[in-house]
Structure formats: C-alpha cells, structure tokens
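Architecture at a glance
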Amino acid sequence: MDIPKEHLVDMYSTMVRIRRFEERIRELYFADKLPAFDIAAGLIPGEMHLAAGQEPVAVGMRPHLHPGDAITATHRPHHVAIAQGVDLNKMAAEIFGRETGLGRGKGGHMHLFSAEPNFGCSGIIGEGMPVAVGAAMAFRARGTDNIALSYFGEGAANQGAFHESINLAALWKLPVVFICEDNAYAISVPKAASTAIPDNSDRASAYGIPGVLVSENDPVAVYEVMGAAMDRARRGDGPSLIEIKTDRLWGHFEGDADAYRSEDFKQEMNERDPLVVFGKRLEEEGILSAEEQEAIKESEYATVEAAIDFALASPYPAPEASLDHVFA
Amino acid sequence: MTTMTDRKLTMQKAIAEGISQEMATDPSVFVMGEDVGVYGGIFGSTEGLLDKYGPERIIDTPISETGFIGAAVGAAINGMRPVVELMFVDFFGVCMDQIYNNMAKIHYFSGGNIKVPAVLMTAVGGGYSDAGQHSQTLWGMFAHLPGMKVVVPSSAYDAKGLMISAIRDDNPVVYMFHKGALGLGWMVNNPRATGPVPEEAYEVPIGKARVAREGSDVTIVTLGLSVHKALDAAETLEAQGISAEVIDLRSLVPLDREAVISSVQKTHRLLVVDEDYQSFGMSGEIITTAVQGAFDYLDAPPVRVTTPDIPIPYSHGLETWALPSVERIVSAAAGLVSG
C-alpha cells in the first residue's frame, strides 16, 4: 500500500471509533425499548439509522480534507460526521436530545449541523446535494480553495435533486465531489429493482464529468479514488461522481426486521465486515500489530464512552425552549 | 432616515435598485434564477444588474429550481447572501422541499448555530388571464410554514426598503411581488404602482404594517395589489359617506397583529381583503386576531373578500369574478357599515 502509515492508522482508528459509536448507540437505543418495542420510548426516541459497515466510504476521504471543506450527508450520517471530526460529545448529546447537543435537542440524529467542521445532513433523500453545490459556489465566490463533498445513497440517484445538482456542478465546474454510498438497498428495495443501469457512476458521462466505481468496501480504495477526485475539485477542474459499493450491516433502522435480505446475503456480508478485513490486512502487512490494534480500540472506546457520558450527564432543554431559534 | 424625494419609480425599478445598492456595498450578495441575466428578470426585478455586476454575481440558471434554490441554501450557510428568484410562485411545486424542509428549518435544527440569510424572490398574483398555474398568490401557505419571513410590498417605496431589509436579514425571507403592482408597461395599467423612492439605500422594517389611508368607520386589512384596490374602494366609499381605514400588512411573517387590533378598536368593523384562497389562510388569521384582541370593540362580525376555493380560472370574465375587485370591496364595506 503506497499510503503514508499515519493515514492508514488514522483511517483504522476512525473506523473503530465509528463502529464503537454505532454499537453503543444501538445498545442504549434498545436498552429501554424492549421487550415490547416502542419507538417513542427511552433514552433515544425516534428512528435510528446506523452506519455499521459503511465506515470505508467515510474514512477514505478524511486524510484529504482541509479545514473549511463542507460535507452534506444523509439520514444515516454518523460515520461521515465522525470522520469529518464533528464534536463527538455534542453529536452524542444531540442524539440523546440534550441541551448541550449540536442543535440543543431540536434536530436529532438526522439533523446534525456543525459550523466547524462544516457539516450538515438531512432526513430527506437527496436534499443535501444542491446544498453542496451552493457551498461550492460560495467557496469560489469567496476565493477559497475549499471543496464540498455530497454524500447520498444509491436510492437517491433516482431523485431529481441528483440530476439537477450534478448538472449545475458540471455546468459551472464547481469544486464538488458527489459520493454515492451504494449499500444495495433503499430500505427494502434492491438497486436492480429501482435503477435502470447497474452503476450510478456511469451516469457521470451524461454530465461530462469523471465517474468512478469503487467496487470494494475498502478504505484504501476509497482513499485513492477520493484523493484524486478531491484534488481535481480543489485544482478547479470540476466535480466528480464516485460510487462506492458498501454494506449496511444492520437494518435500515433499528427495529427493522430486515426480512427483505436473505440469510445468505447477510452471512456473506458479515463475513466481509470491512473493519475486520482492514484490521487483518494491516496486521498482515506489518502496519499495525494485533496489540497495537487493541491499544487503538481501548483508546477509541474510551473516547466514545466519554461522549456518551457527556450526553447522559447533560440536561434536557426546558420544554418551552421549543419556541426558540425559529428565527435568528 | 430617508430624505424626501420627488423622484418617482415603478415598484419594479425600485426592487432592482434595492438589490443593486446592496450588491454595491456587500460582496456576499449575488442573484440567481431563471432569466435574471440578460433578460433582467421576466418581471424586471434584476433589470440592469448583469451590466453592472457581471455573470459571476448575476447568474442565469437552468430550469432547475430544486438545484438552484438548494444551492442558494448552501451558499447562504457558507457566508453568502443569495437573492434567488422563483420566477412564478406557482412553480413552488417542483422545489418546495428545499424551501420549507431545508431553507426554513436549518436554523432551528441547528439550535441557532447555522444562519440561512437567503432571499427567495418570487412573482405572485393574477388578473391578466394567465390561468391556474401562473396566477396564484400562495402567501398564506408560505406563512403557514414556520421558519420563513414573508413580505409582500405594495408600493415602490416599500419594495426597495423591504428588499434591502430582506437582504440584510439573517433569516430566510420570501419576498413576493405582485405582478399587477409592478408598473410594467406590458402588464396592468396601475397608477398606484409608481411612487416616490429616495435615491439612497434605506430599510423598511419587516413585520410592521402601514396605515395606507386613515379612516374611522371600517378597517380594511390587506396586502399586495389588493392595497391598491382597497384604496380605490375607499375613495368610492368616501363619496358614499363611509370613512375606510386601509391597513397594508406589508408582511405576513412576522404579522403586525397590533396594527390590526388597534385599527379595529378605532373603527369597530373589520373587512379582510385577500387575493389568496379563502379557506385556512390569511383572512381567517386576521379575523382571529381581531376577535381575540378586540372582541368587545366589534360592532359586527368581520367580513372577508377573497378568492374562493377554486383554481384561478382563465377566461377574463371568470377570473375577474373570482379575484377581489374594487366593486366587491365597496359592496362588502358598505354592507358591513350599514348592517
């Protein structure tokens, strides 16, 4: 691997942090909802879309980010937010609906917004794509070399917003990288049942921009492809469309029976868990020993636990604070 | 403070001048939309701006409202102050997600940490047989959805001052101009569309109604082109011995409820004129405001002159019948006072 060791270690550590965060959110989400599942009950009420398995799509861009770069993510946003370095304590607090959260408890896990780093996400499919285009317009107008990354699922590639955004970015040669996280299912609908062609990256040719398919759920492959696309955007050569084949290890939302994916599919998916595969590879190539990986886990687990503790120790907002912040 | 002036502009030119003056002093302001460049805006809202500021700041977009209105949101979050034009408000249907789910909610979702200082400028209103997809006002719908200010100027003076306030505002502002109030040579011959406008930049505060005409017998609350019709009606009513006060709301969000209440306390009678659809909208909200705030002062149940709950019809006679007219206002006000 022709990648600086520090980047490999950083990607691995971030994958561990993401996975641990999702595991802990999952545990605490269910802790007080069982045995009879009540979506409105508990420490974390509401829908919860977790990204275990999709870590590579998030960490691969991380070493190429500059301060001020904008990211828009999806309804399944935690992995990307963590990879960009969004404050983990405030993010956890928002998920737990606390006053100290990124949005003081008003947004929840699908509506995480941060000014620094420059992150936003949305519960509406494809909604963040035009926003990334506008961020890129602002960067150009202000004379910065920042770029915008727009994450979306393969299900979003059939939205009008996908086509409108890529057309605008290509037309105006804006510094945007569009990243399709193809986890093969839009809730229960497989890609083949929704999309007229196998690979959304091929749709780039309709807009005259590079389209690249990353067919492995592998942080190293993502690192290389994203590095080239981000450099290209930063140079002023315009947008790219990247599609990454990834895996959503768990259901669409927590509580999803996930009966639409076959047991064979799920078994194969779990056998190629990217965190396990990447860890083994780093060990085999002498980059991180098993002991070093354990040490990383210990450290990252502590970081996640501190964020959870911060959230749980934080007060809930006063109910009447509901009325605040409609307007600036 | 603004200086007195004899210079008169149409509302259309006043809008363009307001944008231009903000662009001259604030490099973060830019305009985008369909035909805002060489055409100068289908309704002239950006007339002359391309020559002054060039294509980097006066940006013609493809017909792609979700894309470019969403881009305005992204630019606003990232340090710019976009003025984005939705050519006709009726076109909201192809881009409303970006408007009400995104532009209007990000500040709230972020707990006040992210501001979205965008102006969504759009043409509203009928009266020229453009039929049911190019004639609506829809301000009640935008006002119903939390997170957007909604302004509707009726005079050239207010058009410039409200545009400047809207651009300087840190919130999303939906700026609706009525096509019939613009003073366009090819639209509706409307002498009230032209008025004195100071040369310098000035603000008209958003959320403050204006007493367009003082009176003592009946309060007519309205906005947009209907202000002009109400003023015409007030002249007819005066000849009949009825003194009508006309309140121009100027904005729906925030709504100057106090102006409605204090006028009703004075006249004891309320007529609401609204070119928007009748049910579940502005007229009901104004009447509720008066009933809750001035119940003991009312001498008669409030009355409304609105567009009935029908798509705006095409044929001239149908449309003229459906939209609020001077005659309907006169008749309703006279009935309210005599009844």
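Residues numbered from 1 in each chain as written. Chains lettered and ligands numbered in written order. Predicted model: local features only at pLDDT ≥ 70, side-chain atom pairs only at ≥ 80, totals over all residues.

1. As for the overall build of chain B
This is how it is decided: Only runs of H or I of at least four residues qualify as helices and only runs of E of at least two qualify as strands under DSSP, and these elements are numbered from the N terminus. Based on C-alpha atoms, the radius of gyration is set beside the globule rule, defined as 2.2 Å times the residue count to the power 0.38. A residue is called partly exposed when the number of other C-beta atoms within 10 Å of its own lies between 12 and 20, exposed at 12 or fewer, and buried at 20 or more, with C-beta atoms placed from the backbone.
In terms of regular secondary structure, chain B is built from 12 helices and 14 strands. In terms of overall size, chain B behaves like a compact globule, its C-alpha atoms giving a radius of gyration of 19 Å where 339 residues would be expected to give roughly 20 Å. Projecting the C-alpha coordinates of chain B onto the three principal axes gives extents of approximately 60 × 45 × 45 Å. When burial is assessed residue by residue, chain B has 59% of its 339 residues classed as buried.

2. Quick notes on the overall build of chain A
Spelled out, the test is: What counts as a contact here is a pair of residues whose C-beta atoms, placed from the backbone, lie within 7 Å.
Along its length, chain A carries 10 helices and 8 strands. Against the globule reference of 20 Å for 328 residues, chain A gives a C-alpha radius of gyration of 19 Å, in line with a compact fold. Across its three principal axes, chain A shows a C-alpha extent of roughly 55 × 50 × 40 Å. By residue count, 50% of the 328 residues in chain A fall in the buried class. When contacts within chain A are restricted to residue pairs at least 6 apart in sequence, those whose partners lie at least 24 apart make up 75%.

3. Some points on the confidence of the model for chain B
Heads up, the condition is: Confidence of the prediction at every residue is given by pLDDT, a number between 0 and 100.
For chain B, per-residue confidence averages 97 on the pLDDT scale, and residues scoring 70 or more make up 99% of the total. Taken together, the chains of this predicted complex give a pTM of 0.97 and an interface ipTM of 0.96.

4. A closer look at the sheet that holds strand β3 (residues 58-60) of chain B
Residues and elements named next belong to chain B. Rules: Whether two strands pair depends on DSSP finding at least two bridges between them. Every axis corresponds to a line fitted to the C-alpha atoms, with the helix fit spanning only the stretch in contact, and the corresponding angles, defined between N-to-C directions, vary from 0 to 180 degrees.
The strand order β3-β2-β4-β5-β7-β6-β12 describes an open sheet built from 7 strands, whose pairing is mixed. Both outer strands of the open sheet, β3 and β12 (251-253), are each paired with one neighbouring strand and no more. The mean inter-strand angle of the sheet, taken between neighbouring strand axes irrespective of direction, is 20 degrees. The pairing of strand β6 (residues 149-151) with strand β7 (residues 173-178) spans 3 bridges and is classified as parallel. Bridge pairing links Lys149 to Val173 in β7.

5. Observations concerning helix α7 (residues 156-168) of chain B
Residues and elements named next belong to chain B. This is how the line gets drawn: Given the number of residues in a helix, its expected span is that number minus one, multiplied by 1.5 Å.
Helix length check: α7, at 13 residues, gives a terminal C-alpha distance of 19 Å against a target of 18 Å (1.5 Å per residue), a fit within 8%. Along α7, 11 of the 13 residues are buried, which leaves the element largely enclosed by surrounding structure. Every buried residue belonging to α7 is among Ala156, Tyr157, Asp158, Ala159, Lys160, Gly161, Leu162, Met163, Ser165, Ala166 and Ile167, and all of these are buried.

6. Re the pairing of strand β4 (residues 176-182) of chain A
All names here are of chain A. The test is simple: Looking down the strands as they point away from the viewer, one classifies a crossover as right-handed if the path from the first strand across the helix to the second runs clockwise.
Across the 7 residues of β4, 7 count as buried, placing the element largely inside the fold. Residue alternation in β4 divides its side chains into two sets, Val176, Phe178, Cys180 and Asp182 and Val177, Ile179 and Glu181, and both sets are buried. Sheet topology places strand β3 (residues 148-153) next to β4; 6 bridges connect them, and they run parallel. When the sheet's bridge partners are listed, Tyr151 is paired in β4 with Ile179. Once the chain exits β3 it traverses helix α6 (residues 160-171) before rejoining the sheet at β4, and the crossover so formed is right-handed. By the bridge criterion, 6 bridges tie β4 to strand β8 (residues 240-245) in an arrangement that is parallel. Residue Cys180 lies in a different strand from β8, and its bridge partner there is Glu243.

7. Observations concerning the packing of helix α9 (residues 257-267) of chain B against helix α10 (residues 282-294) of chain B
Residues and elements named next belong to chain B. Test applied: Small angles under 35 degrees read as roughly parallel and large ones over 145 as roughly antiparallel, with 65 to 115 read as roughly perpendicular and the rest as oblique. By convention, the crossing between two helices is left-handed when the near helix turns anticlockwise from the far helix through less than a right angle, and right-handed when the turn is clockwise.
Running from N to C, α9 and α10 cross one another at 60 degrees; their axes reach a closest spacing of 9 Å. Classed by the angle they form, the pair α9 and α10 counts as oblique. Taken as a pair, α9 and α10 cross one another with a handedness that is right-handed. Contacts from Arg257, Val260, Ile261, Val264 and Gln265 of α9 reach α10 at Ile286, Thr289, Ala290, Gly293 and Ala294.

8. Section: the interface of chain B and chain A
How big an interface is tends to be expressed through the accessible area that disappears when the partners come together. Keep this limit in mind: Residue polarity is assigned by list, with Asp, Glu, Lys and Arg as charged and Ala, Val, Leu, Ile, Met, Phe, Trp, Tyr, Cys and Pro as nonpolar; anything else, Gly included, falls into the polar class.
Counting from both sides, the interface comprises 34 residues of chain B and, opposite them, 33 residues of chain A. Put simply, the parts of the chain that give the side of chain B that touches chain A at least two residues each are α3 (65-77), α4 (96-103) and α5 (106-109) of chain B. No other element matches α3 of chain B, which puts 10 residues into the side of chain B that touches chain A. Among the residues forming the side of chain B that touches chain A, the class breakdown is 14 nonpolar, 17 polar and 3 charged.

9. Some remarks on the packing of helix α4 (residues 88-95) of chain A against helix α10 (residues 290-313) of chain A
Residues and elements named next belong to chain A. For the pair α4 and α10, the least separation of the axes is 8 Å and the interaxial angle reads 50 degrees. Judged by the inter-axis angle, α4 sits oblique to α10. When the axes of α4 and α10 are compared, the crossing they make is right-handed. Residues Leu88, Asn89, Ala92 and Ala93 of α4 touch α10, and the partners they reach there are Thr303, Ala307, Ile308, Phe310 and Ala311. Each residue belonging to the contact of α4 with α10 can be placed in one class, and the counts come to 7 nonpolar, 2 polar and no charged.

10. Section: the nonpolar core
As a reminder of what qualifies: The term nonpolar core means buried Ala, Val, Leu, Ile, Met, Phe, Trp, Tyr and Cys residues held together as one set by C-beta atoms within 7 Å. Start and end positions for the domains come from either an automated domain assignment or a database one.
By size, the foremost hydrophobic cluster in this structure holds 201 residues, and its most contacted members are Ala136, Val176, Val177 and Ile242 of chain A together with Tyr175, Ile220 and Ala333 of chain B. Examining the composition of this core, we find that 10 residues originate from one element, helix α1 (residues 5-31) of chain A, more than from any other. Split by domain, the residues of this core number at least three in each of domain 1 (8-196) and domain 2 (210-338) of chain B. Once you skip the residues sitting within four places of it in the chain, Tyr175 of chain B turns out to touch Val119, Leu120, Met121, Val151, Leu162, Met163 and Ala166 of chain B.

11. Overview of the domain arrangement of chain B
Residue and element names in this part refer to chain B. Here the domain parsing of chain B yields domain 1 (8-196) and domain 2 (210-338). The C-alpha centroid of domain 2 is placed 26 Å from the C-alpha centroid of domain 1. Opposite the 27 residues of domain 1 that make contact, domain 2 presents 22 residues. Those elements that provide at least two residues to the side of domain 1 that touches domain 2 are α6 (139-144), β6 and α7. Here the residues of the side of domain 1 that touches domain 2 are counted per class, giving 11 nonpolar, 13 polar and 3 charged.

12. Quick look at the environment of Tyr297 of chain B
Residues and elements named next belong to chain B. Relative to the assigned elements, Tyr297 resides in the loop between α10 and β14 (303-307). Judged by local crowding, Tyr297 falls into the partly exposed class, with 16 C-beta atoms found within 10 Å. A C-alpha to C-alpha distance of 39 Å links Tyr297 and Thr5, two positions 292 residues apart in sequence. Not counting chain neighbours up to four residues away, the residues in contact with Tyr297 comprise Val264, Gln265 and His268.

13. Digging into helix α12 (residues 326-338) of chain B
Residue and element names in this part refer to chain B. Here α12 spans 18 Å end to end across 13 residues, near enough to the 18 Å set by a 1.5 Å rise per residue. Turning to α12, its buried residues are Ile329, Val330, Ala332, Ala333, Leu336 and Val337. Those residues of α12 that are buried are in contact with β10 (218-222), α8 (225-239), β11 (244-248), β13 (270-277) and β14.

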